[in-house]
Amino acid sequence: AIDPQFTENREQVDEHNGHAVWGPVDEPEDLGIHGTHVAVDFDLCIADGACLEDCPVDVFEWVDTPDHPESERKADPANEAQCIDCMLCVDVCPVDAIDVDAG
Ligand code: SF4
Ligand code: F3S
Ligand code: ZN
């Protein structure tokens, strides 16, 4: 599962679509965590798609990740500022790749 303490245990190494990327990143195998309020561990995501289907405010968008060992696309929290903290995505992800800090 995604480490809920990732902001302490990882370093921000990049930005993507207006959100942070938390390393380590070594493409194409290691992609890190995308987002902060809505965080997706790209190295765990298997492209199940439940988060895209269920998010009521369309926070997620697919991004292509060719040659990643788990899946060739990932759910990117492209619109994380729209999140209403419903926690549906956290509940439906089969590999617990998503953390939402409803703080
Ligand atoms: Fe969307 Fe709810 Fe997940 Fe926020 S917590 S990203 S609103 S499904
Ligand atoms: Fe990936 Fe989980 Fe969404 S596997 S596509 S983050 S439901
Ligand atoms: Zn991203």
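Above: the structure in question.
### Points about the site of ligand 2
(1) Moving on: Taken together, 13 residues are adjacent to ligand 2, and Cys45, Ile46, Gly49, Cys51 and Cys93 come closest.
(2) Moving on: Split by residue class, the shell around ligand 2 holds 11 nonpolar, one polar and one charged.

### Regarding the sheet that holds strand β7 (residues 98-100)
(1) Moving on: Strand order in the open sheet formed by five strands is β1-β2-β3-β4-β7, with antiparallel pairing between adjacent strands. In the strand order of this sheet, the two ends are held by β1 (12-16) and β7, each with one partner.
(2) Moving on: Relative to strand β2 (residues 19-22), β1 runs antiparallel, the two being bridged by four bridges. Across the sheet, residue Gln12 finds its bridge partner in β2, namely Trp22.

What counts and what doesn't
Residue positions are counted from 1 within each chain, in the order its sequence is given. Written order decides the labels, with chains lettered from A and ligands numbered from 1. For a predicted model such as this one, the threshold for reporting local features is a pLDDT of at least 70, and the threshold for listing and counting side-chain atom pairs is 80 or more; totals across whole chains, interfaces and linings nevertheless cover every residue. No hydrogens and no water enter the side-chain calculation; it runs on all heavy atoms of the structure. When we say a residue is near a molecule or strand, we mean one of its heavy atoms is within 4 Å of it. Polar here means any residue outside two lists: the nonpolar Ala, Val, Leu, Ile, Met, Phe, Trp, Tyr, Cys and Pro, and the charged Asp, Glu, Lys and Arg; Gly therefore counts as polar. The pairing criterion for strands is at least two bridges between them, as found by DSSP. Here a helix means four or more residues in a row that DSSP labels H or I, a strand means two or more in a row labelled E, and each is numbered from the N terminus.

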